[in-house]
Amino acid sequence: MEISCSSSRSCFELALEYIRCLHGITQRCGYLIWRLQTGVRLLQGFDLYLTKCRRRRNHETCLEQDEKEKDVTSSRIQDLITRRMQDLEFACSGCSDHSRSLHSTRVESELTIFLEAVKLFLETDINESCINYLLDCYWLRDPELVIDFIDSVSENVVKIDVFDSKRLNEKLMFLKSFIRFAMLCCVKGQQLIDLLIHAEVVSINTLRLASIWWFNKGIGNYEERKEMILQISRLIDEKINPGDPRIRETYIHVLTAAKLSRSSDISDLEKIKHLVADFMDCLVHNIKELLRSCTNILVPIMNQILKLLEGLRFLTILLRHQEEFKELSHEMKNLIGVVACDAAVVIFSLSVNQIEEGLAKETDLALFHLLKVLKFVRAEVTDPVTLFSPFGFPRTNELGSMDFLLENLKELENCSETDDSIAFPKDQIHTVLEDLIFLRSFLVKIADQRNRNGKLQALWSRVMEVAHRAEFVIDSIVVGDKHEFLERVARDIQLLRTEALETYDSTMHDCGAQRTTQKSFRIESKCRTPMLNEVLVGLDDEVKAIIHGLTRGSKLLDFVSIVGMAGLGKTTLANRVCNDPLILSHFHILARCTVSQVYSMHSLLVQLLCSISSRSPGEYLEMDESDLVHKLYKLLKRNTYLIFLDDVWEIKAWNLLERALPDDANGSRILFTSRIQLQFKPDTKAHHLRHLTDEESWTLLQKKLFGKDGFPPTLGEAGSQIAKLCRGLPLTVVLVAGILDNTAEDYWEEVAKSLTSSIVLDDEYCMKTLELSYSHLSDDLKPCLLYFGAYKEDENVPVRRLLWLWISEGFVRKIEGKSLEDVADDYLKDLVDRSLVMVSEQRTMGGAKACRLHDLVHEFCVKKAKEENFLHVLHSQNGPFVLTSPSNLHRVCNPMNGELMLEFSNVRSLLLFKGDDLGFWLPELLRVLDLGELEFVAHFPMEVFSLAHLRYLALRTRKVNFIPAAIANLSRLQTFLLRGNKADCLLPNTIWNIKTLRHLWTPDSTLGFIFPVENLEVSPGLDHLDSLSLAIDPSSQSLQKILTKLPNICRLRCKKTASREKCTGDGILVFDCLSRLESLTLCYFGRYRFKFPLNLKKLTLEQNGQPWSEISTIGKLPNLEVLKLLFYSFVGEEWEMKQGEFPKLRVLKLSRLWDFRRWTASSDNFPRLEKLVVHDCEKLKEVPSCLGECPTLEMIEVKRCRESLASSVKQIQQEQIDMGNEALKIIIEDCVDARSSSQEEEGESYPSQEV
């Protein structure tokens, strides 16, 4: 390759290309090559400036030799590159002969010489005095040249990975967008010159600092690095941010000139409106950075700045939306350009001191005016009332939504916060409340007649429409909007009240005030919580055929498929096969995953690994795909395995997994279910699942309704007829059973008539049955069922989070004597009893931990939710969204997209499952916000603090150490869920003011919230708090004071946080003041003792290091049902139980108690024990034999323990069989005294994490 200095571009680019190619010649010089490439790029950046800059007018008297010196420096840079490249080429020329290693050493030597030459040149020739001279005498002048130079510097900053490179690069992009904006506004003269000079100064100093950082990289000199970090911070804070008065003056002069300019053309603005949007994005970054620098923000100022932030976000969306922007008037487009200038002036005028202590009068006035203009622009684009249509509101549980509105209005009427505001229209709201209470009672009276009377139905719809309009307008007033629309809505409500009186009187007269009898009624939910797919009737022949296909035949990896339509019971049958003792004994490993129509390789691998290994899903989720493939392959290698792939739609799913599954010719098998026949191999035979016979359908219906008792004779004929009408579809049978179970027996014949009303195909028939099931639900249950449509198909939904969402959405009615959480749990049990929801995982204390829907039920929920305008799932990543939707979406869910431009102004709930950047405007009326996988690394997202109506907030953070005091703005917040954080999080003093809080939770059991301890005596209590993840310093003596402020806690997870003082560990932590506490987890309290409340039902201990003598305190708890003793919870070799301990314990788990050897117990211990779990207790020799006398024992699970312990468990099973209990199930895995290191690695157990 010929390197010439005739062209600076070719000189640098050819050199970079040649150096890059050296990777193929000498592998060991990778880092050296990367360093050299970076050094060449740095020289290229300086050369660009030297060749393009020109002498300033006020320096025309510079000596000719100075001009020559600049050119000589550029020539020397190019000459250095040319000469060193020639030497490098020569060294490489011999690398193809037999002395390859020798020549490789020569290449490495030449690379080192080249690198040292670059370093020396940067250190001696491009030093600080040289930079200052250049800046004093020369400039680029041309805006486009300045922008090119900024881009060159930006590229170097990113590639070198300078300290705080992301922030530094954002500042360079800000200067670039500012120059573009100034050019767009036709700013000329001195104002533009000053901005260009400023940008040059910043850029070339950034390049110099980048070169020094590159020069020192790897040296590890702490003091030099510290000085560099300080210089970079100074560059940002003093040379770019408008903290320096001279810089602020430069910026504001440019903006003033932009406003005064009249030569800018609107047609140009339309063409390059994205540049204005980019500039506004930079302004938003500046605001956020300023807020992060403040430690104590005045609440009124915070609210104003958040509104400014929200307004700018709205304008950026508007500018980037082609259709909406095109519709704007000429004057409005002009106004947006002016607003950009005004916003920049206000933002550049702000300082940390002003935000913390109070705005200057001039800035305060400018901000007030700017917010008014922003509100005007937004009002011109979106009319908050006229956009509503009669079909735009949710039509699910309309009376329930009316009750939710009335409850909120009553709270608002009694709210002390509004007393301070003279302008708040309390009287008008009181009138609206009274009228709506009347209309609500009217709706109750006509509820039975409206479906048979068109006039009543029309009036019902208009009442619901005006109620939703009233809710929207009043909620908008709460966040600061004008009251002008309230009078209009109040008048409409009064007119409807008059019409309702007249209509009801005439209608009741016409129909003789006839009353109807309710056919479906609500009954108390059954106590039991059935597990997924628990009933299988008939099909014994099918089970035998599939087991034969799995255990016989070729030794090569082979496939067995179960094919059939939706609702036929494919998954139920496959689970029955997988749990058969013959299958469990034949295969060493059984793994399973659900594929569905939408899937990813990563998700499938995680599911399979989680079904095999005891490690937590979180560990696998963080691994990349190739590592997951390797780990799965390693686990399966040399083992006979069965992989169950459920709900497969295409062969591509298998193609993705194939490389992770070894074929050792040992009889391993793949079992899959599908609605369609798929040929994985030419000879793959599909097992087509048959329908149930009429007799089997009848048997299944009886089992679902009456268990082993059978049908009462009086219902036998009707029941048999209904079973035949189910067409042999198991899903239809269980759905109909759910309907019958909640329907008065006199009306069973009407259910039968509903099933025969039309002739449809089988899958359509299932949908028709689902429609019938849905119509028989109470109004309270309908929104709870449709909410499952927000989740992905076949997803296991965490129950606790689901119930919290239901509560925040307002679906759950208040019932005297019951908590909202208990009522919500009853709702879920009711849906399970009706066979609409399946429990996929149970809690140790009973009830569901996770649940899911059959894919047909999920499909129904998604369609029905959209049809009733209840919930909209957005799938298109680049779909055309509008700023205002005619359908007035209330709930939006986006489970697929990485980037969602949320543009629906009256959305009340936003659920995201994935995301990359908060690149959207948050509607200010949001009640529910779950940002899913969207991660905020170092700072809490301030945008959420403007959401005054927020009740549910779920965020993912990484390094957030404290929650800002502005969280008190969220005065209606009920649930705050913080995911992913790597440290305990300090709450502000203002947390005590959020009286509505019910749940403060972190899914990670190793982290918690730290409550402020200042002025605890005068702080109000959080009387509604139900669930809490708490981090506490036990040496501070503050635990007791904090707990007295939380009198109604039911679920507490408490961990020790770092103490400033040396912890003696000899104190007592007292929890018996919590009279409602049922579940308690304690972690890391080394050798502290505890005092527990007597009502405690579940206790989990981990890393507390207590002696076994302390466990007697726990054994005396009269109501304890679940006890989990995890890693290092107790130390010592022997647990000797005392008489009468653990009278009500149902579940006991022992895990990772490394020095635990002996366990002695008597026959009166554990009289009610149902489940025993022992994991990783490697020294424990046996479990007490007296457990064989326990009449309630159902399961013993032992993993990674001694063989002698496994033998003792088998002995207990035999004793149970001798007592007549053949139902005891034992699970024994990896119980071998001498295990390989790889097995130990894969078998490691970690503390479980509940969400």
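This one's a predicted model, so the numbers in the text were calculated from it and none came from an experiment.

Participant: How should the overall build of the chain be read in this particular structure?
Facilitator: Per the secondary structure count, the chain includes 41 helices and 34 strands. The burial tally for the chain puts 54% of its 1251 residues in the buried class. Put simply, of all contacts in the chain between residues at least 6 apart along the chain, 68% involve residues at least 24 apart. Surface exposure of the chain reaches about 54900 Å², of which carbon and sulfur atoms provide 50%.

Participant: In this structure, what is going on with the sheet that holds strand β7 (residues 686–688)? I would like to understand it.
Facilitator: Sheets are built from strands that pair by backbone hydrogen bonding, the pairs being arranged parallel or antiparallel. The sheet built from 5 strands is open, its strands ordered β4-β5-β6-β3-β7 with parallel pairing. Edge strands, defined here as strands with exactly one partner in the open sheet, are β4 (589–594) and β7. Mean inter-strand twist for the sheet, computed between neighbouring axes without regard to direction, equals 15°. The sheet contact formed by strand β5 (residues 641–646) and strand β6 (residues 669–674) spans 4 bridges and is parallel. Residue isoleucine 643 lies in a different strand from β6, and its bridge partner there is isoleucine 670.

Participant: What am I meant to see in the pairing of strand β25 (residues 1098–1102) here?
Facilitator: Residues in a regular strand project their side chains so that they alternate between the two faces of the sheet. Within β25, 5 of the 5 residues are buried, leaving the element largely enclosed by the surrounding structure. Taking every second residue as pointing to the same face, both faces of β25 are buried, with Lys1098, Thr1100 and Glu1102 on one and Leu1099 and Leu1101 on the other. As paired strands, strand β23 (residues 1079–1083) and β25 are joined by 5 bridges and run parallel to one another. Bridge pairing in β25 places leucine 1080 opposite leucine 1099. Of the strand pairs in this sheet, β25 and strand β27 (residues 1122–1125) are connected by 4 bridges, and their pairing is parallel. Within β27, the residue paired with lysine 1098 across the bridge is valine 1122.

Participant: Explain the pattern of salt bridges to me, please; I cannot follow it from the model alone.
Facilitator: For side chains bearing opposite charge, pairing can occur when the charged atoms are close. A full pass over the atoms with the stated rule returns 54 salt bridges. The closest approach of N and O atoms between aspartate 830 and arginine 834, which form a salt bridge, is 2.9 Å. Assessed through its relative accessible area of 4%, arginine 834 is described here as buried. Connected via shared salt-bridge partners are Asp403, Arg440, Asp780 and Arg813.

Participant: Just to check I follow, could you spell out the side chain of glutamine 304 for this structure?
Facilitator: Tracing the chain through its elements places glutamine 304 in helix α13 (residues 299–320). Sequence-distant contacts of glutamine 304, defined by excluding residues within four places in its chain, comprise Leu359, Asp364, Leu367 and Leu371.

Participant: Got a minute to help me understand the side chain of lysine 171 in this structure?
Facilitator: With respect to the secondary-structure elements, lysine 171 resides in helix α7 (residues 165–184). For lysine 171, a relative accessible area of 4% puts it in the buried group. At 3.0 Å, the side chain of lysine 171 forms a polar contact with the side chain of asparagine 286. Other than its neighbours up to four places away in sequence, lysine 171 contacts Ile236, Ile240, Asn241, Asn286 and Glu289.

Participant: Help me understand the packing of helix α6 (residues 143–160) against helix α8 (residues 189–216), please; the structure alone is not making it clear to me.
Facilitator: When two helices pack together, their arrangement is given by the angle between their axes and by how far apart the axes lie. Packing of α6 against α8 leaves a shortest axis separation of 10 Å and a crossing angle of 25°. Accordingly, the angle class assigned to the pair α6 and α8 is roughly parallel. The two elements α6 and α8 cross, and the hand of that crossing is left-handed. From α6, Pro143, Val146, Phe149, Ile150, Val153, Asn156, Val157 and Ile160 reach across to α8, where they touch Leu192, Leu196, Ala199, Glu200, Ser203, Ile204, Thr206, Leu207, Ala210, Trp213 and Trp214. Classifying every residue of the contact of α6 with α8 gives 15 nonpolar, 3 polar and 1 charged.

Participant: Please clarify how the sheet that holds strand β9 (residues 838–842) should be interpreted in this entry.
Facilitator: With respect to topology, 3 strands assemble into an open sheet ordered β8-β10-β9, the strand pairing being antiparallel. Strands with a single pairing partner mark the edges of an open sheet, and in this sheet they are β8 (797–798) and β9. Where β8 and strand β10 (residues 848–852) come together, 2 bridges link them in antiparallel fashion. Paired with valine 797 across the strands is cysteine 851, a residue of β10.

Participant: Sorry if this is basic, but what is going on with unusual backbone geometry here?
Facilitator: Backbone phi values are negative for most residues with the exception of glycine, while trans is the configuration of most peptide bonds. Phi at glutamine 1103 takes a positive value of approximately 55°, unusual for a residue other than glycine. As for its position among the elements, glutamine 1103 is in the loop between β25 and β26 (1106–1107). Classification of glutamine 1103 as partly exposed rests on a relative accessible area of 27%. A positive phi angle, near 55°, is found at tyrosine 1128, a position not held by glycine. Tracing the backbone through its elements, the reader meets tyrosine 1128 in the loop between β27 and β28 (1130–1131).

Participant: It is not clear to me how the environment of leucine 406 should be interpreted in this structure. Could you clarify?
Facilitator: The residue leucine 406 is located in helix α18 (residues 398–413) in this model. The exposure class of leucine 406 is buried, given its relative accessible area of 7%. Expressed as a C-alpha distance, the spacing of leucine 406 and alanine 467, which sit 61 residues apart in the sequence, is 9.6 Å.

Participant: Would you take a moment to explain the packing of aromatic side chains for this structure?
Facilitator: Geometrically, a pair of aromatic rings is defined through the distance of the ring centres and the angle of the planes. Inspection of every chain in the model, using the stated rule, returns 33 aromatic pairs. On the numbers, 5.2 Å between centres and 5° between planes, the contact of tryptophan 1135 with tryptophan 1159 is stacked. Note that tryptophan 1135 is positioned in strand β29 (residues 1134–1136) and tryptophan 1159 in strand β31 (residues 1158–1160), a separation of 24 residues in sequence. Across this residue pair, the class does not change: tryptophan 1135 and tryptophan 1159 are buried. Among the aromatic residues, those joined into a cluster by ring pairs are Trp1108, Phe1130, Trp1135, Phe1142, Phe1156, Trp1159 and Phe1166. The ring of tryptophan 214 has arginine 35 sitting right over it, with the charged end atom 5.3 Å from the ring centre. Sitting over the ring of phenylalanine 1127, arginine 1152 keeps its end group 4.6 Å from the ring centre.

Participant: Sorry if this is basic, but what is going on with the nonpolar core here?
Facilitator: Side chains that are nonpolar tend, in soluble globular proteins, to be buried together. Of all hydrophobic cores here, the largest spans 225 residues; its most connected members are Phe976, Leu1052, Ile1114, Trp1135 and Trp1159. Beyond its immediate chain neighbours, meaning those up to four positions away, tryptophan 1159 contacts Trp1135, Met1137, Leu1148, Leu1150, Phe1166, Leu1172, Leu1180, Glu1182, Val1183 and Pro1184. Listed in part, the 91 residues of the second largest apolar core include Val560, Ile739, Phe788 and Cys893.

Participant: Help me understand the confidence of the model for the chain, please; the structure alone is not making it clear to me.
Facilitator: As a general rule, the predicted coordinates of low-pLDDT regions are not to be interpreted in detail. Of all residues in the chain, 83% attain a pLDDT of 70 or more, and the chain-wide mean is 81. Mean pLDDT in the chain bottoms out at helix α41 (residues 1237–1243), which sits at 38, and peaks at strand β18 (residues 999–1001), which reaches 97. Throughout residues 384–391 the model reports pLDDT below 50, and contacts reaching past four residues in sequence, or to other chains, amount to 20 contacts. pLDDT under 50 marks residues 509–533. Its contacts with residues more than four places away, or in other chains, come to 53 contacts.

Participant: In this structure, what is going on with helix α27 (residues 625–636)? I would like to understand it.
Facilitator: Residue pairs spaced three or four apart in an α-helix point in one direction, given the helix's 3.6 residues per turn. With 12 residues, α27 extends 17 Å from end C-alpha to end C-alpha; this agrees with the ideal 16 Å at 1.5 Å per step. Residues of α27 that are buried include every one of Leu628, Val629, Lys631, Leu632, Leu635 and Leu636, and no others. Buried residues of α27 fall within an arc of 170° about the axis and therefore sit on the same side.

Participant: Sorry if this is basic, but what is going on with the pairing of strand β14 (residues 928–936) here?
Facilitator: In terms of residue burial, β14 counts as a mostly covered element, since 7 of its 9 residues are buried. Looking at chain direction, strand β13 (residues 909–912) and β14 are connected through 3 bridges and run parallel. From the neighbouring strand, leucine 910 faces β14, where its bridge partner is leucine 929. Both β14 and strand β15 (residues 952–957) contribute to a ladder of 5 bridges, which runs parallel.

Participant: Quick question: what am I supposed to make of α6 here?
Facilitator: Taking 1.5 Å as the rise per residue, α6 with 18 residues should run 26 Å; its terminal C-alpha atoms sit 26 Å apart, in good agreement. When we look at burial in α6, the residues that qualify are Pro143, Val146, Ile147, Phe149, Ile150, Ser152, Val153, Ser154, Asn156, Val157 and Ile160. Of the surrounding elements, those touching the buried residues of α6 are α2 (30–52), α7 and α8. One side-chain oxygen at the N-terminal end of α6 lies 3.0 Å from the backbone nitrogen of glutamate 144; it belongs to aspartate 142. Of the residues flanking the end of α6, it is aspartate 161, one or two places downstream, whose phi is positive at about 60°.

Participant: Hey, could you run me through the packing of α6 against α7 in this one?
Facilitator: Axis separation between α6 and α7 bottoms out at 10 Å; the angle between their running directions is 170°. As the angle between them shows, α6 and α7 are arranged roughly antiparallel. The element α6 and its partner α7 pack so that their crossing is left-handed. For the pair formed by α6 and α7, the contact residues are Pro143, Glu144, Val146, Ile147, Ile150, Asp151, Val153, Ser154, Val157 and Val158 on the first element and Ser165, Leu168, Asn169, Leu172, Met173, Leu175, Lys176, Ile179, Arg180 and Met183 on the second.

Analysis parameters
Residues numbered from 1 in each chain as written. Predicted model: local features only at pLDDT ≥ 70, side-chain atom pairs only at ≥ 80, totals over all residues. Heavy atoms only, no water. Helix = DSSP H or I, 4+ residues; strand = E, 2+ residues; numbered from the N terminus. Buried < 20%, exposed > 50% of the residue type's maximum accessible area, 1.4 Å probe, protein only. Contact = heavy atoms within 4.5 Å. Areas by Shrake-Rupley, 256 points an atom, 1.4 Å probe, with all protein chains shown as cover. Pairing = 2+ DSSP bridges. Axes fitted to C-alpha atoms, helices over the stretch in contact; angles between N-to-C directions. Salt bridge = Lys/Arg side-chain N within 4 Å of Asp/Glu carboxyl O. Polar contact = N/O pair within 3.5 Å; in protein donor to acceptor, adjacent residues only side chain to side chain. Parallel < 35°, antiparallel > 145°, perpendicular 65-115°, else oblique. Left-handed = near helix turned anticlockwise from the far one by under 90°. Nonpolar A, V, L, I, M, F, W, Y, C, P; charged D, E, K, R; others polar. Phe/Tyr/Trp six-rings, centres within 6.5 Å; stacked < 30°, edge-to-face > 60°. Lys NZ or Arg CZ within 6 Å of the ring centre and 35° of its normal. Core = buried A, V, L, I, M, F, W, Y, C linked by side-chain atoms within 4.5 Å. pLDDT = per-residue confidence, 0-100. Expected span 1.5 Å × (residues − 1). Arc of directions from axis to C-beta.

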